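This is what each chain is made of:
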Amino acid sequence: PRPKLSTTTFILVIGGLGYIGSHTVIELLREGYNVIIVDNLSNSYSTVLNNITTLAESHCRARSLPVPLIHFHRLDYRSRAMSLLLESYSDLVMTIDATGTQRMTYVSRITGVIHFAAYKSVLDSITRPLHYYQNNVCGLVSLLQRLDHHGIHNFIFSSSATVYGARASSGKPLREEDVIHHPEQTPSGTILQPAVTGLTCPYARTKYFSEAILADTATSNPSWRIVALRYFNPVGCDPSGLLGETPRAEATNLYPVIAQVLTGARASLDVFGTDWKTRDGTAIRDFIHVLDVARGHISALAWNEDKGGGFRAFNLGSGSGTTVMEAVRSLEQASGREISMARAGRRPGDVGVCIASTDRARRELGWSPRESIAQCAADLWNFVRKTIR
Ligand code: NAD
Ligand code: WQD
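Values in this document were obtained by computation on a predicted structure and should not be read as measured data.

### Concerning the overall build of the chain
Here is step 1 of the chain: Broken down by element type, the chain carries eleven helices and 18 strands.
Here is step 2 of the chain: Taking 389 residues into account, the globule formula puts the C-alpha radius of gyration at 21 Å, and the chain, at 22 Å, falls close to it.
Here is step 3 of the chain: For the chain, the C-alpha atoms occupy an extent of roughly 75 × 60 × 40 Å along the three principal directions.
Here is step 4 of the chain: Here the chain holds 389 residues, and 50% of them are scored as buried.

### A few points about helix 2 (residues 47-62)
Here is step 1 of the chain: Here helix 2 is 16 residues long and its end C-alpha atoms lie 23 Å apart, about the 22 Å a rise of 1.5 Å per residue gives.
Here is step 2 of the chain: If you check which residues of helix 2 are buried, you get Val48, Leu49, Ile52, Leu55, Ala56, His59 and Cys60. The arc enclosing the buried residues of helix 2, seen along the axis, measures out at 130°, which places them on a common side. Opposite the buried face of helix 2, by more than 90 degrees, sit the exposed residues Arg61 and Ala62.
Here is step 3 of the chain: On its buried face, helix 2 is in contact with helix 1 (19-30), strand 2 (34-39) and strand 3 (70-74).

### Points about the confidence of the model for the chain
Here is step 1 of the chain: Summing up the model confidence of the chain, the mean pLDDT is 93 and the portion of residues at 70 or higher is 94%.
Here is step 2 of the chain: Per the prediction output, this complex has pTM 0.95; the corresponding ipTM is 0.99.

### Brief notes about the site of ligand 2
Here is step 1 of the chain: Lining the immediate environment of ligand 2, one finds 18 residues, of which Tyr203, Asp270, Arg285, Arg347 and Asp350 sit closest.
Here is step 2 of the chain: The separation between a nitrogen atom of ligand 2 and a polar main-chain atom of aspartate 270 is 2.7 Å.
Here is step 3 of the chain: Contact between ligand 2 and phenylalanine 272: an oxygen atom at 2.9 Å from a main-chain N or O atom of the residue.
Here is step 4 of the chain: If you list the elements that add at least two residues to the shell around ligand 2, you get helix 7 (254-263) and strand 12 (269-272).
Here is step 5 of the chain: Per element, the largest residue contribution to the shell around ligand 2 is four residues, and it comes from strand 12.
Here is step 6 of the chain: When its residues are assigned to classes, the shell around ligand 2 shows nine nonpolar, five polar and four charged.

### Considering the packing of aromatic side chains
Here is step 1 of the chain: Taken as a whole and assessed by the stated rule, the structure comprises seven aromatic pairs.
Here is step 2 of the chain: What links up through ring pairs into an aromatic cluster is the set Tyr133, Tyr208 and Phe209.
Here is step 3 of the chain: In this arrangement the basic side chain of arginine 248 is found over the ring face of tyrosine 45, its NZ or CZ atom lying 4.1 Å from the centre.
Here is step 4 of the chain: One Lys or Arg, arginine 346, reaches over the ring of tryptophan 276 and ends 3.6 Å from the middle of that ring.

### Considerations on the site of ligand 1
Here is step 1 of the chain: Within the structure, ligand 1 sits among 28 residues, and Asp39, Asn43, Ser44, Lys120 and Tyr203 are positioned closest to it.
Here is step 2 of the chain: Take isoleucine 20: an N or O atom from its main chain is 2.8 Å from an oxygen atom of ligand 1.
Here is step 3 of the chain: Between ligand 1 and the protein, one listed contact pairs a nitrogen atom with a side-chain N or O atom of asparagine 40 at 3.1 Å.
Here is step 4 of the chain: A total of 820 Å² of accessible area belongs to ligand 1 in isolation, and the protein chains cover 96% of it.
Here is step 5 of the chain: Looking at the shell around ligand 1, the elements that each hand over two or more residues are helix 1, strand 7 (154-160) and helix 6 (202-220).
Here is step 6 of the chain: Ranked by residues supplied to the shell around ligand 1, first place goes to strand 7 with three residues.

### Some details on the side chain of histidine 297
Here is step 1 of the chain: Its place among the elements puts histidine 297 in helix 8 (residues 290-306).
Here is step 2 of the chain: A relative accessible area of 0% means that histidine 297 is categorised as buried.
Here is step 3 of the chain: A polar contact is formed between the side chain of histidine 297 and the side chain of tyrosine 231, at a distance of 2.6 Å.
Here is step 4 of the chain: Those residues in contact with histidine 297, other than ones at most four positions away along the chain, are Ile20, Thr24, Ile114, Phe116, Ile156, Leu229, Tyr231 and Leu316.

What counts and how
- Residues numbered from 1 in each chain as written.
- Chains lettered and ligands numbered in written order.
- Predicted model: local features only at pLDDT ≥ 70, side-chain atom pairs only at ≥ 80, totals over all residues.
- Heavy atoms only, no water.
- Helix = DSSP H or I, 4+ residues; strand = E, 2+ residues; numbered from the N terminus.
- Rg over C-alpha atoms; globule rule 2.2 N^0.38 Å.
- Buried < 20%, exposed > 50% of the residue type's maximum accessible area, 1.4 Å probe, protein only.
- Expected span 1.5 Å × (residues − 1).
- Arc of directions from axis to C-beta.
- Contact = heavy atoms within 4.5 Å.
- pLDDT = per-residue confidence, 0-100.
- Near = heavy atom within 4 Å.
- Polar contact = N/O pair within 3.5 Å; in protein donor to acceptor, adjacent residues only side chain to side chain.
- Nonpolar A, V, L, I, M, F, W, Y, C, P; charged D, E, K, R; others polar.
- Phe/Tyr/Trp six-rings, centres within 6.5 Å; stacked < 30°, edge-to-face > 60°.
- Lys NZ or Arg CZ within 6 Å of the ring centre and 35° of its normal.
- Areas by Shrake-Rupley, 256 points an atom, 1.4 Å probe, with all protein chains shown as cover.

Here it is in structure tokens:
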């Protein structure tokens, strides 16, 4: 007899207990998706899972909705256990093709995959490049093979504004077509578009290579629907104050460092570069609320289902620039505390300005950012103040 297919479907979130992953998981649960989280806790803690569950339960209780399923598997996404996991969410069914031939095929209950798992420190990637290539690139290749084997082709990848390399320094909003992986057909034949220049570190190259691998994979088999989301500078956290950025690794990004100054864990903020050609001399970045980034994944999943096919990249940024000094001031305002600062030289590899063009994501995904920089600061402070004794 033909096995009965389960109607329960899941979104698989790899790296789902990390900073952006955990915020995406809670948004998926709030939207009613069942979620499978895979994480090896190399840069996160299992307490995040408890907080996600608490938030999902209180959201659903307030609306008299059933709580979606949350399955957690602590494992390295590169390990063989990943194949076993995919198998356990598959039903083996018999199909009969036009010629009457019977075939057994897997039908997965996983309808989409969001892949966050990677190492992400710029400095660490310079001293341990193979560690980064192994996790971020080799891991991706074997993951894609395993997904293909199980017929899972709806894939969302965490990319980064770092793929724009030196193009960012022009100061103009960065458009997705500034980085192209496919050979393009021109009147004079097929040409390879010039590769992006000035990728600043091995980490940046892992994201660039990953996108190229994804583009080639999508070209090879029309079943794939692959989106690369290029995040600019995700900041802030869930307004509940239950989820935030709690890495095991040392904080080096601006907002987590400011958070440490606010809690007293660090004496002051070194402002790297006060001589950039900007309105106050400090660097300009496109800070985007992490919940806006999270919602971008839900838009991308829906887009993949309805209109996707092949490989497509989208920027997730606010579309406007904020200086380092303006970011500091917004956190001073939110916290009512003064942030002690020291001027420092430019950090190697930094660019003066990095801003997203959001046109493609708005037009094609129907996504647009909702939260302001003031909201990012208020939400971060709400999370951080609980850790002050
Ligand atoms: P994060 O370190 O907080 O989250 C990554 C999660 O993946 C962690 O929970 C970690 O334990 C897990 N992980 C790592 N390797 C794994 C493995 N081999 N198997 C299973 N789990 C593994 O990082 P994040 O800030 O949430 O970033 C998520 C993704 O977005 C990364 O791919 C990162 O490169 C990319 N990104 C981040 C930023 C940013 O500013 N945070 C910007 C652009 C792109
Ligand atoms: C922002 C600005 C610093 C810390 C990085 C990665 C990028 C992406 C996002 C993953 C810069 C200044 C910072 C400090 C400072 N990650 N700063 N004092 O460099 O724009 O992007 O994170 O993909 O790939 O490169 O973010 O938060 O580190 O820095 O003055 O203690 O804040 O110099 O101008 P960045 P950031």
